[in-house]
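# A structural walkthrough
One-letter residues, chain by chain:
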There are 2 protein chains.
Amino acid sequence: MPDQQGNPLDDDLRLAILRLSRRMRLQRSDADVTDSQLSVLFVLLKEGPQTLGSLSEHERVTPPSMNRTVNCLVDAGFVTRSSSPDDGRKVQIDATLAGLDVARETKRRRQAWFARQLEQLDATERATLDAAAPILRRLADS
Amino acid sequence: MPDQQGNPLDDDLRLAILRLSRRMRLQRSDADVTDSQLSVLFVLLKEGPQTLGSLSEHERVTPPSMNRTVNCLVDAGFVTRSSSPDDGRKVQIDATLAGLDVARETKRRRQAWFARQLEQLDATERATLDAAAPILRRLADS
DNA sequence: TATTGTTATACTCTATAACTATA
DNA sequence: TATAGTTATAGAGTATAACAATA
């Protein structure tokens, strides 16, 4: 019995997404930084300073987990931890310049890697992906 | 200075791939199994029995890392380890029926999740993604 | 009393270095 | 001697439970 059928193109698309993503995530700054740490740096780059709680919600991990990750980032000099002025229970996590650099350099490398992949395509194929991009983006955000 | 420009659709596509992949990987069997373990089970499902060395190369982790992951899978009853008949240094890792079930159930759930996502689209949008699928698949495999 | 964060503890994944067994 | 795998050890991410500090 075949595992499943449906539209075989769905499976091509699904597997392509998984594989491209896996390869893209290998592209990153030379700094000694893990996936979880990078993910936090991207949040700080995009959305500015965060509390520990907001980071743990954003990344969908428990507060103790995020606390550990933040500790590693502090030790590496990529973020600072300071107590919130308005609410003494909260802490504010800020990216340092070095931390922002790691995030930006990683973004740059991923963009460059993806651009090189796209260079394999002819104009028609590029046009097809240009048409697909907003649709996939909407699915990803929904 | 803007971070980068190039084709903004490239970035939409790139980010869509990262996000869709992240959400897809959350879909999995209810069995208590990690990402690394799942990845091994998928290799065994698709390509049959493997040695420890071939698994570690395939997943691009060191042999000691793979050894640990395999130990966990053995403890969970999802794979068996036996010595290779032709070369006493090698071990053969086979998926058990339970292990194959975990892989198949995970695949099923990911297909189902992705199919639900695609149901949001109209016929024209579906056609665009159908045209994009083989192109992305080729990029992923290149 | 409720909220925010931290500490204690435990398990998995990752690595490098050193070791065993077989070819 | 070279190869395949394992063990020892250590750092990082994940979790739950228990604790401290503040609102």
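See the structure above.
Conventions adopted
Residues numbered from 1 in each chain as written. Chains lettered and ligands numbered in written order. Predicted model: local features only at pLDDT ≥ 70, side-chain atom pairs only at ≥ 80, totals over all residues. Heavy atoms only, no water. Core = buried A, V, L, I, M, F, W, Y, C linked by side-chain atoms within 4.5 Å. Buried < 20%, exposed > 50% of the residue type's maximum accessible area, 1.4 Å probe, protein only. Helix = DSSP H or I, 4+ residues; strand = E, 2+ residues; numbered from the N terminus. Contact = heavy atoms within 4.5 Å. Buried area = accessible area lost by both parts, 1.4 Å probe. Salt bridge = Lys/Arg side-chain N within 4 Å of Asp/Glu carboxyl O. Polar contact = N/O pair within 3.5 Å; in protein donor to acceptor, adjacent residues only side chain to side chain. Nonpolar A, V, L, I, M, F, W, Y, C, P; charged D, E, K, R; others polar. Pairing = 2+ DSSP bridges. Near = heavy atom within 4 Å. Least-squares fit on C-alpha atoms with pLDDT ≥ 70 in both. Axes fitted to C-alpha atoms, helices over the stretch in contact; angles between N-to-C directions. Parallel < 35°, antiparallel > 145°, perpendicular 65-115°, else oblique.

## Description of the nonpolar core
Residues Leu 129 and Leu 136 of chain A together with Leu 129 and Leu 136 of chain B are the most contacted members of the largest nonpolar core, which totals 34 residues. At the level of elements, helix H1 (8–26), helix H5 (97–118) and helix H6 (123–141) of chain A together with helix H1 (8–25), helix H5 (97–118) and helix H6 (123–141) of chain B are the ones that each hand at least two residues to this core.

## Focus on the interface of chain B and chain A
By a widely used convention, the size of an interface equals the accessible area lost when the partners come together. On the chain A side, the residues contacting the 50 residues of chain B number 50 residues. For the chain B and chain A pair, buried surface summed over both sides reaches about 5300 Å², with 59% attributable to carbon and sulfur atoms. Notably, a salt bridge pairs Asp 141 of chain A with Arg 19 of chain B, separated by 2.7 Å at the nearest N-O pair. In this structure, the connection of chain B to chain A is made through 23 residue pairs in polar contact (both at pLDDT 80 or more). Of all the secondary structure elements, the ones that give two or more residues to the side of chain B that touches chain A are H1, helix H2 (35–47), H5 and H6 of chain B. Take the side of chain B that touches chain A: its biggest share by element is 17 residues, from H1 of chain B. Counted by class, the side of chain B that touches chain A contains 20 nonpolar, nine polar and 21 charged residues.

## Observations concerning the pairing of strand S3 (residues 91–95) of chain B
Residue and element names in this part refer to chain B. Sheet topology places strand S1 (residues 50–51) next to S3; two bridges connect them, and they run antiparallel. Looking at the pairing, Thr 51 lines up with Gln 92 of S3. Sheet analysis places strand S2 (residues 79–83) next to S3, joined by five bridges and oriented antiparallel. Residue Ser 82 lies in a different strand from S3, and its bridge partner there is Gln 92.

## Thoughts on the protein's contact with DNA strand D
In the neighbourhood of DNA strand D, 24 residues make up the surrounding shell, with Thr 34 and Thr 62 of chain A together with Gly 53, Asn 67 and Arg 81 of chain B lying closest. Those atoms of DNA strand D that come within 4 Å of the protein belong to sugar or phosphate at a rate of 69%. In the environment of DNA strand D, a phosphate oxygen lies 2.8 Å from a nitrogen or oxygen atom belonging to the backbone of Thr 62 of chain A. Note that a base nitrogen of DNA strand D is positioned 3.2 Å from one of the side-chain N or O atoms of Arg 68 of chain B. Elements with a contribution of two residues or more to the surface near DNA strand D: helix H2 (35–47) and helix H4 (63–76) of chain A together with helix H3 (52–58) and helix H4 (63–76) of chain B. With five residues, the single largest contributor to the surface near DNA strand D is H4 of chain A. For the surface near DNA strand D, the class distribution of residues is seven nonpolar, ten polar and seven charged.

## Here we look at the sheet that holds strand S1 (residues 50–51) of chain A
The sheet built from three strands is open, its strands ordered S1-S3-S2 (chain A) with antiparallel pairing. Because the sheet does not close on itself, it has two edges, and the strands there are S1 and strand S2 (79–83) of chain A.

## A short note on the relation of the copies chain B and chain A
When chain B is brought onto chain A, the operation consists of a screw motion whose angular component is 180° and whose axial shift is 0.0 Å, with 0.0 Å RMSD remaining. Expressed as an axis order, the relation between the two copies is that of a two-fold axis. The C-alpha atom lying nearest the rotation axis in chain B is that of Ile 17 of chain B; the distance is 2.7 Å. The fraction of interface residues of chain B whose copies in chain A are also interface residues reaches 100%, indicating that both copies meet through the same surface.

## Observations regarding the packing of H2 of chain A against H5 of chain A
All names here are of chain A. Packing of H2 against H5 leaves a shortest axis separation of 9 Å and a crossing angle of 100°. Here H2 lies roughly perpendicular to H5, going by the angle between them. Only Gly 99, Leu 100, Val 102, Ala 103, Arg 104, Thr 106, Lys 107 and Arg 110 of H5 make contact with H2, whose side of the interface consists of Asp 35, Leu 38, Leu 41, Phe 42 and Leu 45. The class makeup of the residues in the contact of H2 with H5 is seven nonpolar, two polar and four charged.

## A closer look at the side chain of Thr 69 of chain A
The residue Thr 69 of chain A is located in helix H4 in this model. Thr 69 of chain A has contacts with Ser 36, Gln 37 and Val 40 of chain A, leaving out every residue within four places of it along the chain.

## Here's the deal with the pattern of salt bridges
Pairs can form between side chains of opposite charge once their charged atoms are near each other. Residue and element names in this part refer to chain A. Counted under the stated rule, the structure contains 28 salt bridges over all chains. Between Glu 105 and Arg 108 there is a salt bridge; the shortest N-O distance is 2.7 Å. Placement of both Glu 105 and Arg 108 in helix H5 is noted, with a separation of three residues, approximately one turn of the helix. Between Arg 137 and Asp 141 there is a salt bridge; the shortest N-O distance is 3.2 Å. Here Asp 141 and Arg 137 lie together in helix H6, a separation of four residues that amounts to about one turn.

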